[in-house]
Amino acid sequence: MDRHLRPAVLTTDPSSPDALKTWRHWKRTFNFFLESLPTTPAPNKLATLVNFVGASVYELIADCGTYDDAILILQTAYDKPKNEVFARHLLSCCKQEQGQSLDQYLQKLKNLANDCNFKACTAEVHKDEAIRDAFISGLISPHIRQRLLEKSSLDLKTAFDDARTLDMAERQSHSYRSSDPLTAAIDQ
């Protein structure tokens, strides 16, 4: 076993800002460490995992009976799904900060792009995604924007249909308030 491959103990809270970055690094170093262990006898992966997590992280996997179950729980706790539309908004709005080198700025853009779920597509799909992003970004109603952003991914047609439904519901809700006899009497 190579001592240089021994991972640090994972103690990071899953809700901390750098949790995903720490988790991905720790998991990769832990996998390298497992691969470096002698294969005979086969190592107890769950016991090894428990030895390399802190007490608060252990609480997440304390009831797990298998290594795969424990890793799945940790993966779920640390690697939360990203909202594709919001990730693309963050990427498109990112500006170079004062004192930030061009190299640092480019690396920040690359890191933000990792959450955008980019994949090969046609020009038509790319165009629809750009229109969807501009549509959501440019909405006047923050309530409608929030409701659309509740979905982790969204196509243009669904975004428009949902926005239209929410807009109509908002307008109809306002008409209830304006036609309420008690409200009308107070307004006069």
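Right above here is the structure, for reference.
Analysis parameters
Residues numbered from 1 in each chain as written. Predicted model: local features only at pLDDT ≥ 70, side-chain atom pairs only at ≥ 80, totals over all residues. Heavy atoms only, no water. Helix = DSSP H or I, 4+ residues; strand = E, 2+ residues; numbered from the N terminus. Contact = heavy atoms within 4.5 Å. 1 Å grid on protein atoms, 1.4 Å probe; cavity = no way out; pocket = protein on both sides within 12 Å on 5 of 7 lines; lining within 4 Å. Points joined across faces, edges and corners; volume = space filled by probe spheres on them. Nonpolar A, V, L, I, M, F, W, Y, C, P; charged D, E, K, R; others polar. Buried < 20%, exposed > 50% of the residue type's maximum accessible area, 1.4 Å probe, protein only. Salt bridge = Lys/Arg side-chain N within 4 Å of Asp/Glu carboxyl O. Core = buried A, V, L, I, M, F, W, Y, C linked by side-chain atoms within 4.5 Å. Phe/Tyr/Trp six-rings, centres within 6.5 Å; stacked < 30°, edge-to-face > 60°.

**Student:** Is there a simple way to explain the side chain of Thr48 in this structure?
**Tutor:** Mapped onto the fold, Thr48 is located in helix α2 (residues 45-51). Excluding residues that lie within four positions of it along the chain, Thr48 makes contacts with Phe30, Phe33, Leu34 and Leu37.

**Student:** For this particular structure, what's the right way to read the layout of surface pockets?
**Tutor:** To find the voids left in a structure, one rolls a probe of water-molecule size over its atoms. If you add up the space inside the largest pocket, you get close to 610 Å³. Around the largest pocket, the lining is made up of 22 residues, and of these Leu20, Lys21, Arg24, Asn111 and Asp115 lie nearest the centre. Elements represented by at least two residues in the lining of the largest pocket include exactly α1 (19-36), α5 (84-93) and α6 (102-114). Of the residues belonging to the lining of the largest pocket, the class tally is 9 nonpolar, 6 polar and 7 charged. In this structure, the second largest pocket occupies an estimated 250 Å³ of space. What lines the second largest pocket is a set of 16 residues, and nearest its centre among them are Val85, Arg88, His89, Ser92 and Asp133.

**Student:** Would you mind going over unusual backbone geometry with me for this structure?
**Tutor:** Negative phi values dominate among residues other than glycine, just as trans dominates among peptide bonds. Note the cis peptide between Thr40 and Pro41, where omega equals -10°. Position of Pro41 relative to the elements: it lies in the loop between α1 and α2. Phi is positive for Asn117, which is not a glycine, with a value near 60°. Structurally, Asn117 can be placed in the loop between α6 and α7 (123-138). For Asn117, a relative accessible area of 38% corresponds to the partly exposed category.

**Student:** What is the right way to look at the pattern of salt bridges in this model?
**Tutor:** Side chains carrying opposite charge are able to pair once their charged atoms draw close together. A complete count under the given rule lists 11 salt bridges for this structure. With a shortest N-O distance of 2.3 Å, Asp162 and Lys151 are connected by a salt bridge. Separated by 11 residues along the polypeptide, Asp162 in helix α9 (residues 156-179) and Lys151 in the loop between α8 (142-149) and α9 bring together distant segments of the chain. Given a relative accessible area of 21%, Asp162 falls into the partly exposed group. Here Lys157 and Asp161 are joined by a salt bridge, their closest N and O atoms 2.7 Å apart. In this pair, Lys157 and Asp161 are both assigned in helix α9, 4 residues apart and thus about one turn of the helix distant.

**Student:** Looking at this structure, how should I read the nonpolar core?
**Tutor:** What tends to happen in soluble globular proteins is that the nonpolar side chains get buried as a cluster. Of all hydrophobic cores here, the largest spans 22 residues; its most connected members are Trp23, Trp26, Leu49 and Tyr78. Contributions of two or more residues to this core are made by α1, α2, α3 (55-61) and α4 (67-78). With 7 residues, α1 is the largest single contributor of residues to this core. Excluding residues that lie within four positions of it along the chain, Trp26 makes contacts with Pro7, Ala8, Val9, Leu10, Leu49, Phe52 and Val53. Ranked by size, the runner-up nonpolar core spans 9 residues in total, among them Val85, Ile136, Ile144 and Ala163.

**Student:** I would appreciate a short explanation of the packing of aromatic side chains in the present structure.
**Tutor:** Pairs of aromatic rings are described using the distance from one ring centre to the other and the angle between the two planes. Scanning the entire structure with this criterion turns up 7 aromatic pairs. Relative to Trp26, the ring of Trp23 lies with its centre 5.8 Å away and its plane at 25°, an arrangement referred to as stacked. Taken together, the residues Trp23 and Trp26, both in helix α1 and 3 residues apart, mark about one turn of the helix. Accessibility assignment for this pair places Trp23 and Trp26 in one class, buried.

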